[in-house]
Structures are given as C-alpha cells and as structure tokens.
Amino acid sequence: MQRKPITLVTGANQGIRKETALKRRELIAAAGIMAAAGMLHKVGAQSSAETYSGRDHALIGKGANIPVSAPTPFVSFSPLVLPAPGRAVDLQIKVSAPATGRELPIILLSHGHGGSNNLSSLNGYGPLANFYAAHGFVVIQPTHLDSKSLSLDTNGPEGPLFWRSRVEDMKRILDQLDFIEASVPGLSGRLDRSRVAVVGHSLGGHTASMLLGARLTDPKDGTVVDMAEPRIKAGVLLAAPGNGGADLSAFAAEHYSFFRQPSFAEMTMPALVVFGDGDKDVSHHLTVRGADWHADPYFLSKGPKCLLTMVGAGHGLGGVAGYDAAETTDESPERVAAIQRLTWAYLRSALYPGDSAWSKARAALAEIKELGRVECK
C-alpha cells in the first residue's frame, strides 16, 4: 500500500486551509491507529537502514538498490511567518514533519537562485523535503529574500543576492524553534534540537557552507565574514559554488562579488559535497573551469568530508528542485532517487554516530558505479 503525504497549509488571510479530508483531530487519531497496528515505525532515533517498503516511482531504476528506512506519513504546514525585525519582509517558512514519533532530527533546507518563479522558495524542493520528512526528519524551508516570489532588488545595499541575509535566515529559524513548535499543530515537544543539519542547493549550498564554517571576504569593506553556526552538526552541499579568484568567470566576479574570496579551510564540520560531472548548464557562466569547480568545498576543506560525484548529472542533479521542473536540464527520477537516499543516509550517520546507514548506502552505490561514486577523508 502506497503511503501518500498528508499536507496542511495555512492561508495568510483565510485561517487554516486543510488539503486533506482528515481534520486535525482525525489525523492524530488515524496516526495513532496506524502506529498501534504497526504501520508506522518510530522515527527519530531509528538506527539501521532497511529495504524501502513503500511503492517507489516506477522509473527510479537502480536507485532503488540504495537502502533506506521504511517511509511514514508526514504533514506539511505553510506558510508560517516568523517575525523578523530589520528584514525587508518577515520570514516565511514551511515545516514538514513525520505524523508520529519523537526526538526528531531537523534539516534546514536552503533553496537555490534558479530561474523559476516558485521553486526557489518554500514551495520548491519537494523531491528532497518530502523524502526527508517521510524518513524521519523535520524539514524547515525558508523563502530567502532573493526568491523571485518576493521580487525584491537582489542588488540592494546588503550586496548581491542577499547572501548574508540567507545565512541569517537559518540562524533566525533556530532562534525561534520554540515559536515554530508552538505554531505547528502536533509538533510541540517532538524536536531533537541537538541533531540539526543543513542542506542547500546551488546558492543554497553557499548558504549551507557558511553555516558549516566557510568564510568569505566582504567585497564592500574587506572584512572576513565568519557566520558559522555551532547548533548545526552536519550538512550537504548540492552543486555549491567553488573557489574564487582566477577560477571565477568575469561575469561572476562582476555580478556575484561575494564569490571572489571564499575560504573553505575553516569549514570543519562534517559535510557531504555533491556535484554532477556533467554540470555545464550553470557552471559555465560562474567559472572558467569545468564542473569540478563545484567539488572545491570538498578538496579545499578539512575532514571529515565526503564527495559524491553523480555521473552525467547537470546542475539540477536530476531534478532535486521540483517535480517535472522546466529548469531541470537533466531530468532523471533514478538520479534523484539516488541523491535522496544517499544524502539521507549520510545525515543519519552524521547525526547518529554508529548508525550504519551511510556505510550501507556507500556499499550499494559501489555496485552501481554508473550512477555515481563516493570518496571520503
């Protein structure tokens, strides 16, 4: 039996609109009945990877060979508005959480600066957010100020693409976890705040890298910017920007000046760096090098780190930003499934020392080298 996500959505002026036939009271009751019947696994502290027991997309191919825990129903709640004094607009977030379970680890998911009108916001990255939530994580997605959904000037006083505000958004979320727990129905008391990870794609990968300790030189005043967040224990960088200096294209140096002088040497937190060796659709206007530029956060930082190279993947990594998205140039359900499972397994083991999910996932990928390969240090 396929388990479908159940979503709750709040309307800004219309109260709570429920995109499900179940009322909240019925949802909680149904979850309790399913748990009693053994249909739901207790999530959060589960430790070992096992064969996925739900119904997979018919086209994920060998991605299905990478083991993960059994999926469970989850609930999504959005938009939740966090007060943000001094920000151009208040911070809107989406929270997706397993319907049952306690001591749930947290993923902060940072969107990229893609060409679509909606994916680069809390409304995007369903393939990742939904998968992580179905497998035991509470996923929190902000809409950063550079999102097209806000249509703000991305070359304002702060600098290009609100790069600093993006990092501050994630810190603000962590500062307001009490408010988030109290606002999302059924979430109170269920978060494990000692197990927080960050995942970011493209520009979101840059945001994630800074939270993990990477630094940069502010082009406005020459100061070194350190925005490391100690509450975050691990991360995943998906097609993130690489080194600056002579490796940047003239376009990137002019328009994205905060890329000019990064330093990954201080990014000491555990991280999985993911890139596609066919990434030419975006990297060509950011760097004079090839796709391997996106692997720099691995090679220029200290361990513990792992590098996942996806064979033939473009900047969209098969479609992580959205389902059937026009901006994805390398659409591949198989590739997305592999990234879902591998990144999930990495974070499970990074946040739960002794968890075997990552070692099992790496062993499975070693048997399907046509999808990708992993190295660690």
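Small disclaimer: the values here were computed from a predicted structure and weren't measured. Each chain has its residues counted from 1, running along the sequence as written. Predicted model: local features are reported for residues with pLDDT of at least 70 only, side-chain atom pairs are reported and counted for 80 or more only, and whole-chain, interface and lining totals are derived from all residues. Values shown for side chains rest on all heavy atoms present in the structure; no hydrogens or waters enter the calculation.

## Thoughts on the confidence of the model for the protein chain
For any part of a model where pLDDT is low, the fine detail of the predicted coordinates should not be relied upon. Per-residue confidence from the predictor is given as pLDDT, running between 0 and 100. Residues at a pLDDT of 70 or more form 86% of the protein chain, whose mean pLDDT is 87. Note that pLDDT drops below 50 for residues 1-53; the model gives that stretch 107 contacts with residues more than four away or on any other chain. What makes two residues a contact is simply this: any of their non-hydrogen atoms within 4.5 Å.

## Considerations on the environment of Gly112
Helix and strand assignments come from DSSP, with helices taken as H or I runs of at least 4 residues and strands as E runs of at least 2, each series counted from the N terminus. Tracing the chain through its elements places Gly112 in the loop between β5 (104-110) and α2 (126-134). For the exposure calls, accessible area comes from a 1.4 Å probe over protein chains only, and a residue counts as buried if that area is under 20% of its type's maximum, exposed if over 50%, partly exposed in between. With a relative accessible area of 1%, Gly112 lands in the buried category. The spacing of Gly112 and Leu203 is 91 residues in sequence and 4.7 Å in space, taken between C-alpha atoms. Dropping the residues within four chain positions of it, Gly112 is found in contact with Ser120, Tyr125, Asp146, Arg166, His201, Ser202, Leu203 and Gly204.

## Observations regarding the pattern of salt bridges
The term salt bridge refers to a pairing of a side-chain nitrogen on Lys or Arg with a carboxyl oxygen on Asp or Glu at a separation within 4 Å. Following the criterion strictly, the structure yields 17 salt bridges and no others. Across the pair Lys62 and Glu370 runs a salt bridge whose closest N-O atoms are separated by 2.6 Å. Taken together, the positions of Lys62 in the loop between α1 (24-36) and β3 (74-82) and Glu370 in the loop between α9 (357-366) and β14 (372-376) put the pair 308 residues apart, joining distant regions of the chain. A residue is classified by how much of its surface remains accessible, and Lys62, at 39% relative accessible area, is partly exposed. Residue classification places Glu370 among the partly exposed positions, given a relative accessible area of 43%. A salt bridge links Arg215 to Asp226; the shortest N-O distance between them is 3.3 Å. Taken as a pair, Arg215 in strand β8 (residues 215-217) and Asp226 in strand β9 (residues 224-226) lie far apart in primary sequence, 11 residues in all. Each of Lys171, Asp175, Glu229 and Arg231 takes part in one network of salt bridges that share partners.

## Overview of the nonpolar core
Definition used in this section: a nonpolar core is a set of buried Ala, Val, Leu, Ile, Met, Phe, Trp, Tyr and Cys residues joined via side-chain atoms within 4.5 Å. The biggest cluster of nonpolar side chains holds 54 residues, and the ones touching the most others in it are Ile93, Leu108, Ile140, Ile173 and Ile180. Here the element with the most residues in this core is helix α3 (residues 163-175); it accounts for five residues. Once you skip the residues sitting within four places of it in the chain, Ile173 turns out to touch Leu82, Leu91, Ile93, Leu108, Ile140, Pro142 and Ile180.

## Side note on the state of the cysteines
Such a bond, covalent and formed between the sulfur atoms of two cysteines, is termed a disulfide. Pairs of cysteine sulfur atoms within 2.5 Å are what we label disulfides. Applying the stated rule across the entire model yields one disulfide. Paired through a disulfide, Cys306 and Cys376 show a sulfur-sulfur distance of 2.0 Å. Judged by the sign of its S-S torsion, about 105°, the bond between Cys306 and Cys376 is right-handed. In this pair, Cys306 sits in strand β13 (residues 305-310) while Cys376 sits in strand β14, placing the two residues 70 residues apart along the sequence.

## Brief notes about the side chain of Ser257
Along the chain, Ser257 turns up in the loop between α6 (250-255) and β11 (262-263). Once residues within four sequence positions are removed from consideration, Ser257 is found in contact with Pro160, Pro219 and Ala252.

## Digging into the environment of Phe162
One can find Phe162 in the loop between β6 (138-142) and α3. We classify Phe162 as buried; its relative accessible area is 11%. Sequence separation between Phe162 and Ser147 is 15 residues; the distance between their C-alpha atoms is 9.7 Å. With sequence-adjacent residues up to four places away left out, Phe162 is seen in contact with Leu145, Asp146, Leu152, Asp153 and Thr154.

## What about α9?
Those residues of α9 not exposed but buried are Ala357, Trp358, Ala361, Ala364 and Leu365. Viewed end-on, α9 has its buried residues packed into an arc of 125°, placing them on one side of the element. Next to the buried residues of α9 lie β12 (271-276), β13, α8 (333-351) and β14. Directions pointing from the helix axis toward each C-beta atom define the arc.

## Quick word on the packing of aromatic side chains
When the centres of two rings from Phe, Tyr and Trp lie within 6.5 Å, Trp using its six-membered ring, the rings pair. Their planes under 30 degrees apart give stacked, over 60 give edge-to-face, and anything left gives tilted. According to the stated counting rule, one finds seven aromatic pairs in the structure shown. An angle of 80° between the planes, with centres 5.0 Å apart, marks the rings of Tyr298 and Phe299 as edge-to-face. Judged by relative accessible area, which is 3%, Tyr298 ranks as buried. Ring plane angle 90° and centroid distance 5.3 Å describe the contact between Tyr346 and Trp358, whose orientation is recorded as edge-to-face. Of this pair, Tyr346 sits in helix α8 while Trp358 sits in helix α9, and the two are 12 residues apart along the sequence. Tyr346 sits in the buried class, given a relative accessible area of 6%.

## Quick look at the sheet that holds β11
One bridge is not enough; two strands pair if DSSP finds at least two bridges between them. Pairing is antiparallel in the open sheet, where three strands are placed in the order β9-β8-β11. A single partner strand is all that each edge strand has here, and the edge strands are β9 and β11. The sheet contact formed by β8 and β9 spans three bridges and is antiparallel. Bridge pairing links Arg215 to Asp226 in β9.

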